[in-house]
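If you want the building blocks of each chain, they are given just below.
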Amino acid sequence: TLTNAATTQFVVVSIPTQLAVMESRRLVQSLQGQGIKVSTILCNQIMAPNADDVKYMRTRSSGQRKSIMSLKSYIQQQHNNNQKNNKSPAIEVTEVPFVDTEVTGVYGLRFFQAVAHPLNVTTPATNPIDSRKLTIFGGKGGVGKTTSSASWAVKLSDSGFKTLIVSSDPAHSLGDA
């Protein structure tokens, strides 16, 4: 079932904007309220802090940093509250840098998964060997759910797992990834 943390995990995909972070926080709250384990938040499209010397890029990067700090602060607060109640561990926040080209094909997805799903042997959320049987990716539109989920499927498949990926998104074709 969706509430069995031993077999199911939810990955929230977001981008570092105020609106996306607020929506991601609401999604995390809603899922946790229903007893669904959120293991990771993937924050996509992050500009490098020293993004050129163009004022727009510096301003965008600064705004993204503020959004990421707000998200991490919220996750830490949730973790502290959960520790008081002896509940689940903290949610991982993975920062994925902006990629200046479309990520398509197996090789593109392998590149992306190395950044979005770094191997951390102590964390089941990123370790395929300890992966849940069902991983659900969700978030607001345009944040990279299809690419993130397709790259996770490639990582599982490359690790020797029989893998099925299904998309219910009418806007994008998983086959495009």
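Refer to the structure printed above.
What this report covers is the structure whose coordinates are included nearby.

**As for the pairing of strand E1 (residues 8-14)**
Strand residues, when the strand is regular, have side chains that alternate between the two faces of the sheet.
Right, on to step 1. Counting buried positions along E1 yields seven of seven residues, so the element is predominantly enclosed.
Right, on to step 2. Burial along E1 is two-sided: the face carrying Thr 8, Phe 10, Val 12 and Ser 14 and the face carrying Gln 9, Val 11 and Val 13 are both buried.
Right, on to step 3. Sheet topology places E1 next to strand E4 (residues 134-138); five bridges connect them, and they run parallel. Among the inter-strand pairings, Phe 10 is bridged to a residue of E4, identified as Ile 136.
Right, on to step 4. Of the pairings in the sheet, the one linking E1 to strand E2 (residues 38-46) comprises five bridges and is parallel in character. Within E2, the position partnered with Val 11 by the bridge is Thr 40.

**Points about the packing of helix H3 (residues 105-116) against helix H4 (residues 145-158)**
Each pair of packed helices can be summarised by the angle the axes make with each other and by the distance between the axes.
Right, on to step 1. Closest axis-to-axis distance for the H3/H4 pair is 8 Å, and the angle between their directions is 95 degrees. As summarised for this structure, H3 and H4 are arranged roughly perpendicular, according to the angle between their axes. Listed contacts from H4 to Leu 109, Arg 110, Phe 112 and Gln 113 of H3 are Thr 147, Ser 148, Ala 150, Ser 151, Val 154, Lys 155 and Asp 158.
Right, on to step 2. Within the contact of H3 with H4, the residues separate by chemical class into four nonpolar, four polar and three charged.

**Overview of the sheet that holds strand E3 (residues 92-97)**
Right, on to step 1. Pairing in this open sheet of four strands is parallel, and the strands run E3-E2-E1-E4 from one edge to the other. Because the sheet does not close on itself, it has two edges, and the strands there are E3 and E4. Sheet twist, expressed as the average angle between the axes of neighbouring strands with direction ignored, equals 20 degrees.
Right, on to step 2. Helix-sheet contacts for helix H1 (residues 18-33) involve E1, E2 and E4, and the interaxial angle to E1 is about 165 degrees.

**Digging into the nonpolar core**
Right, on to step 1. Ranked by internal contacts, the top residues of the largest apolar core, which has 16 residues, are Leu 42 and Phe 137.
Right, on to step 2. Breaking this core down by element, the ones donating at least two residues are E1, H3 and H4.
Right, on to step 3. Counting residues per element, this core draws most heavily on H4, which supplies four residues.
Right, on to step 4. Phe 137 has contacts with Phe 10, Val 11, Val 13, Leu 42, His 117, Ser 148, Ser 149 and Trp 152, leaving out every residue within four places of it along the chain.
Right, on to step 5. Counting twelve residues, the second-largest nonpolar core is a separate cluster that includes Val 12, Val 28, Leu 31 and Leu 71.

**A closer look at the pattern of salt bridges**
Right, on to step 1. Here the structure, examined in full by the defined rule, presents three salt bridges.
Right, on to step 2. Between Arg 65 and Glu 95 there is a salt bridge, with the nearest N and O atoms lying 3.1 Å from each other. Here Arg 65, found in helix H2 (residues 55-84), pairs with Glu 95, found in strand E3; they are 30 residues apart in sequence, far enough to count as distant.
Right, on to step 3. Its salt-bridge partner being Asp 158, residue Arg 110 comes within 2.7 Å of it at the nearest N-O pair. Note that Arg 110 is positioned in helix H3 and Asp 158 in helix H4, a separation of 48 residues in sequence.
Right, on to step 4. The network of salt bridges with common partners includes Arg 65, Lys 72 and Glu 95.

**Thoughts on unusual backbone geometry**
Right, on to step 1. Even without a glycine there, the phi angle at Gln 45 is positive, about 65 degrees.
Right, on to step 2. Of note, Gln 45 is situated in strand E2.
Right, on to step 3. In this structure Gln 45 comes out as partly exposed when scored by relative accessible area, which is 28%.

**Description of H1**
Right, on to step 1. Look at H1: 22 Å from first C-alpha to last across 16 residues, which is about the 22 Å you get at 1.5 Å a residue.
Right, on to step 2. Residues of H1 that are buried: Ala 20, Val 21, Ser 24, Val 28 and Leu 31. Taken end-on, H1 shows its buried residues confined to a sector of 95 degrees, consistent with a single buried face. Across from the buried face of H1, at angles greater than 90 degrees, the exposed residues are Gln 18 and Gly 33.

How each quantity is defined
Residues numbered from 1 in each chain as written. Predicted model: local features only at pLDDT ≥ 70, side-chain atom pairs only at ≥ 80, totals over all residues. Heavy atoms only, no water. Buried < 20%, exposed > 50% of the residue type's maximum accessible area, 1.4 Å probe, protein only. Helix = DSSP H or I, 4+ residues; strand = E, 2+ residues; numbered from the N terminus. Pairing = 2+ DSSP bridges. Axes fitted to C-alpha atoms, helices over the stretch in contact; angles between N-to-C directions. Parallel < 35°, antiparallel > 145°, perpendicular 65-115°, else oblique. Contact = heavy atoms within 4.5 Å. Nonpolar A, V, L, I, M, F, W, Y, C, P; charged D, E, K, R; others polar. Core = buried A, V, L, I, M, F, W, Y, C linked by side-chain atoms within 4.5 Å. Salt bridge = Lys/Arg side-chain N within 4 Å of Asp/Glu carboxyl O. Expected span 1.5 Å × (residues − 1). Arc of directions from axis to C-beta.

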